[in-house]
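Read off the chains here:
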Amino acid sequence: MTILLTNLRNAVITGVVLAMLVAGLYLTMGGALDANYWRFFFRWLHVLSGVMWIGLLWYFNFVQIPLMPSIPDEQKPAIGKHIAPAALWWFRWGAMSTIVTGLILAMLNGYIVQALSLGLSGGGAVRTTLIGIGMWLGVIMWFNVWFIIWPNQQKALNINNQHPDLAPEAKAASARTAMLFSRTNTVLSIPMLYCMVGAQNL
């Protein structure tokens with residue numbers, strides 16, 4: 001058991017294998033790989049991706065950003081050079097995976113046009129409007145991650161040594177921009193999750 005738990009890759013593989021065993025149990029009990037199953041499967045992938053994305057968003061905003069001023073200066077390079085770049089990699093690809101699986105799910109469920117038009121193209125039920133608002137909030141958040149937060153973090157942290165000559169003032173400005181848009185995404189994540197859960201339950 002120690003071999004599985006002390007290595008992240010092995011732990012994730014173990015989790016996937018357990019999920020596959022549950023899927024096998026589902027099939028042996030008469031379940032089918034029909035359209036309903038694939039809608040469930042992409043919803044599951046969407047939730048997994050969203051947990052990664054929003055979990056890291058909240059880690060940055062509830063843990064890393066508030067604690068940075070209290071970390072001794074000699075320890076900050078470890079965060080900027082090692083922890084933050086790795087977290088940002090999972091953060092941005094979690095965002096991408098969440099958007100892609102969400103759009104696939106909306107297509108499989110047949111409401112992508114109605115949702116993206118907020119119900120104005122027909123079928124404007126409460127569920128369609130709620131899921132549409134949630135989707136648009138998610139798209140805005142995804143855009144912020146890929147086109148504002150990530151480029152500014154690359155400058156602020158000099159990730160992959162792409163900005164070695166950037167002035168300290170410019171790095172500070174980039175860090176502030178990244179923080180403000182990360183905080184914006186934290187604000188938007190709350191109504192976004194309300195809409196996503198509400199669309200399934202109201």
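Up top is the structure these notes are about.
Anyway, here's the lowdown on the structure attached to this text. (Residues numbered from 1 in each chain as written. Predicted model: local features only at pLDDT ≥ 70, side-chain atom pairs only at ≥ 80, totals over all residues. Heavy atoms only, no water.)

### Quick look at the overall build of the chain
Check the secondary structure of the chain and you find seven helices and zero strands. Taken along the three principal axes of its C-alpha coordinates, the chain extends 60 × 50 × 30 Å. Looking at the chain as a whole, 33% of its 202 residues are labelled buried. Sequence-distant contacts, at least 24 apart, represent 69% of the contacts inside the chain between residues at least 6 apart. Carbon together with sulfur atoms contributes 72% to the accessible area of the chain, which is approximately 12100 Å² in total. When the 11 positive and 5 negative side-chain charges of the chain are each reduced to one mean point, those points stand 12 Å apart. (Helix = DSSP H or I, 4+ residues; strand = E, 2+ residues; numbered from the N terminus. Buried < 20%, exposed > 50% of the residue type's maximum accessible area, 1.4 Å probe, protein only. Contact = heavy atoms within 4.5 Å. Areas by Shrake-Rupley, 256 points an atom, 1.4 Å probe, with all protein chains shown as cover. Lys, Arg positive; Asp, Glu negative; His and termini not counted. Charge placed at Lys NZ, Arg CZ, Asp CG, Glu CD.)

### Things to note about helix α4 (residues 76–109)
Compared with an ideal rise of 1.5 Å per residue, which puts 34 residues at 50 Å, α4 spans 46 Å between its outermost C-alpha atoms and is within 8% of the ideal. Residue Gly110 follows α4 closely and has a positive phi angle near 75°. (Expected span 1.5 Å × (residues − 1).)

### Considering the pattern of salt bridges
Side-chain pairs of opposite charge can arise whenever the charged atoms involved come near each other. The full count for this structure, using the stated rule, is one salt bridge. When the shortest N-O distance is used, the salt bridge between Asp73 and Lys76 registers 3.5 Å. (Salt bridge = Lys/Arg side-chain N within 4 Å of Asp/Glu carboxyl O.)

### Points about the environment of Ala84
Examined against the element boundaries, Ala84 turns out to sit in helix α4. Note on Ala84: relative accessible area 3%, which makes it buried. Remark: the alpha-carbon pair of Ala84 and Gln64, spanning 20 residues in sequence, is separated by 8.9 Å. When near neighbours in sequence (up to four residues on either side) are disregarded, Ala84 contacts Gln64, Ile79 and Leu157.

### With respect to helix α2 (residues 8–28)
Taking 1.5 Å of rise per residue, 21 residues should cover 30 Å, and α2 covers 30 Å from first to last C-alpha, within 8% of that figure. Structurally, the start of α2 carries an N-cap: the backbone nitrogen of Arg9 is 2.9 Å from a side-chain oxygen of Asn7. (Polar contact = N/O pair within 3.5 Å; in protein donor to acceptor, adjacent residues only side chain to side chain.)

### Observations regarding the packing of aromatic side chains
The final tally for this structure, using the stated rule, is 15 aromatic pairs. Taken together, a centroid distance of 5.8 Å and an interplanar angle of 80° make the contact between Trp142 and Phe147 edge-to-face. Aromatic ring contacts, followed pair by pair, group Tyr26, Tyr37, Trp38, Phe40, Phe41, Phe42 and Trp44 into a single cluster. Here the guanidinium or amino end of Arg92 rests over the ring plane of Trp150, the centre of that ring lying 3.8 Å away. (Phe/Tyr/Trp six-rings, centres within 6.5 Å; stacked < 30°, edge-to-face > 60°. Lys NZ or Arg CZ within 6 Å of the ring centre and 35° of its normal.)

### A short note on the packing of helix α6 (residues 126–157) against helix α7 (residues 168–201)
The N-to-C vectors of α6 and α7 enclose an angle of 160°; their axes lie 8 Å apart at closest approach. It follows from the interaxial angle that α6 and α7 lie roughly antiparallel. The two elements α6 and α7 meet at a crossing, and its hand is left-handed. Of the residues belonging to the contact of α6 with α7, the class tally is 20 nonpolar, 13 polar and three charged. (Axes fitted to C-alpha atoms, helices over the stretch in contact; angles between N-to-C directions. Parallel < 35°, antiparallel > 145°, perpendicular 65-115°, else oblique. Left-handed = near helix turned anticlockwise from the far one by under 90°. Nonpolar A, V, L, I, M, F, W, Y, C, P; charged D, E, K, R; others polar.)

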